[in-house]
Amino acid sequence: MKIKLEIKRLPHGANLPFPSYASEGAAGMDVVSAEDVILQPMQRYPVKTGFAVAIPNGYEIQVRARSGLALKHGIACPNAPGTIDSDYRGEVKILLINLGNEAFEIKRGDRIAQLILASVTQAVFCEVTDLDDTQRGHNGFGSTGI
Ligand SMILES: O=c1ccn([C@H]2C[C@H](O)[C@@H](COP(=O)(O)OP(=O)(O)OP(=O)(O)O)O2)c(=O)[nH]1
Ligand SMILES: [Mg+2]
């Protein structure tokens, strides 16, 4: 089953493909840049996509790096995974960082990241004075060994 997502093209997104799955079973929709950018080593930049979306209640979009760009050029999402809230109506931007040693050139239309539609359950805190006992208790951060 596929969830319908409303998408609005912005003027600078003219003629660009909307995010799409590169294979039948892909988890992420590849998203393309709406601008030419040169990302210097260690530089962060919010890359324009040229569209805005209205995500249904109960869902979010996660922005994740593309593994190929990460492996070959060190292109990562510093906020990984980026979060697009269901009530956000602004332009979707892809926050990238160049962790490589060389400048990385992005051309308008290049696939720069992938978008994953994911369900979200909101929580409400309910304060208590004591939590139930468990075998793990306070042990964490490698307490079970490597
Ligand atoms: O990679 C991203 C991450 C966020 N956003 C947009 C959509 C998201 O709904 C909004 C806020 O993101 P987030 O909650 O991660 O950032 P914040 O620093 O908490 O900002 P805010 O105070 O606006 O929630 O910014 C993007 O376009 N791309
Ligand atoms: Mg926030």
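Because the structure is predicted, anything quoted here is derived from the model rather than measured.

Procedures and definitions
- Per-chain numbering applies: the sequence of each chain, read as written, is numbered from 1 onward.
- Here every chain gets a letter starting at A, and every ligand a number starting at 1, in the order they are written.
- pLDDT decides what is reported in this predicted model: residues at 70 or higher carry local features, side-chain atom pairs at 80 or more are listed and counted, and totals for whole chains, interfaces and linings draw on all residues regardless.
- Only hydrogens and water are removed before side-chain values are computed, so all heavy atoms of the structure are retained for them.
- Helix and strand definitions here come from DSSP, where helices need a minimum of 4 consecutive H or I residues and strands a minimum of 2 consecutive E residues; each element is numbered from the N-terminal end.
- Every radius of gyration here is taken over C-alpha atoms, with the globule rule written as 2.2 Å times N^0.38, N being the number of residues.
- Here's how the labels work: a residue is buried when its accessible area is under 20% of the maximum for its type, exposed when over 50%, partly exposed in between, all with a 1.4 Å probe on protein chains only.
- In what follows, residue pairs with any heavy atoms lying within 4.5 Å of each other are defined as contacts.
- Counted as salt bridges are all cases of a side-chain nitrogen of Lys or Arg within 4 Å of a carboxyl oxygen of Asp or Glu.
- When at least one non-hydrogen atom of a residue lies within 4 Å of a molecule or strand, that residue is treated as near it.
- Nitrogen and oxygen atoms within 3.5 Å of one another constitute a polar contact, given that in protein one can donate a hydrogen and the other can accept it, and given that sequence-neighbouring residues count only through two side-chain atoms.
- With residues, only the protein chains shown are counted as cover, and all accessible areas are computed by Shrake-Rupley using a 1.4 Å probe.
- UniProt positions are given in the numbering used here, feature names are shortened, and annotations may be inferred rather than shown by experiment.
- Between 30 and 60 degrees the pair is tilted, below 30 it is stacked and above 60 it is edge-to-face, where a pair is any two Phe, Tyr or Trp rings, Trp via its six-membered ring, whose centres lie within 6.5 Å.
- Any Lys NZ or Arg CZ that is within 6 Å of a ring centre and within 35 degrees of that ring's normal is treated as a charge sitting over the ring.

(A) Highlighting the overall build of the chain. From N to C terminus, the chain includes one helix and 11 strands. Listing the helices and strands of the chain from first to last along the sequence gives β-β-β-β-β-β-α-β-β-β-β-β. Its C-alpha radius of gyration of 19 Å places the chain more than 25% over the 15 Å reference for a compact globule of 146 residues. Along the first, second and third principal axes, the C-alpha atoms of the chain reach 60 × 40 × 30 Å. Burial status across the chain gives 33% buried among its 146 residues. Within the chain, counting contacts between residues at least 6 apart in sequence, those at least 24 apart form 70% of the total.

(B) Expanded view of the pattern of salt bridges. Scanning all chains against the criterion turns up three salt bridges. Across the pair Asp30 and Arg111 runs a salt bridge, and its minimum N-O distance is 2.9 Å. Pair noted here: Asp30 is in strand 3 (residues 29-32) and Arg111 is in strand 11 (residues 111-119), with a separation of 81 residues, a long-range link. Residue Asp30 is classed as buried on the basis of its relative accessible area of 10%. The partly exposed category is assigned to Arg111, whose relative accessible area is 39%. Among the salt bridges present, the one from Lys107 reaches Glu105, with a minimum N-O distance of 3.0 Å. Assessed through its relative accessible area of 42%, Lys107 is described here as partly exposed. Where salt bridges share partners, they join Asp30, Arg66 and Arg111 into one cluster.

(C) Spotlight on the site of ligand 1. Taken together, Asn79, Gly82, Thr83, Ile84, Asp85, Tyr88, Glu91, Val92 and Lys93 form the complete shell of residues around ligand 1. Asp85 has a polar side-chain atom sitting 2.6 Å from an oxygen atom of ligand 1. Contacts to ligand 1 include Lys93, whose backbone N or O atom sits 2.7 Å from a nitrogen atom. Here ligand 1, which alone exposes 570 Å², has 49% of that area covered by the protein. Elements with a minimum of two residues in the shell around ligand 1: strand 8 (82-84) and strand 9 (91-98).

(D) Main features of the UniProt feature "domain: dUTPase-like" (unreviewed entry) in the chain. In this numbering, the UniProt entry assigns the feature "domain: dUTPase-like" (unreviewed entry) to residues 16-145. End C-alpha to end C-alpha, residues 16-145 measures 49 Å, and it is 5% helix and 40% strand.

(E) Structural context of the packing of aromatic side chains. Considering all chains together, one arrives at zero aromatic pairs under this definition. In this arrangement the basic side chain of Arg9 is found over the ring face of Phe18, its NZ or CZ atom lying 4.3 Å from the centre.

(F) Inspection of the environment of Gly25 at higher detail. One can find Gly25 in the loop between strand 2 (20-21) and strand 3. With 81 residues separating them in the primary sequence, Gly25 and Ile106 have C-alpha atoms 27 Å apart.

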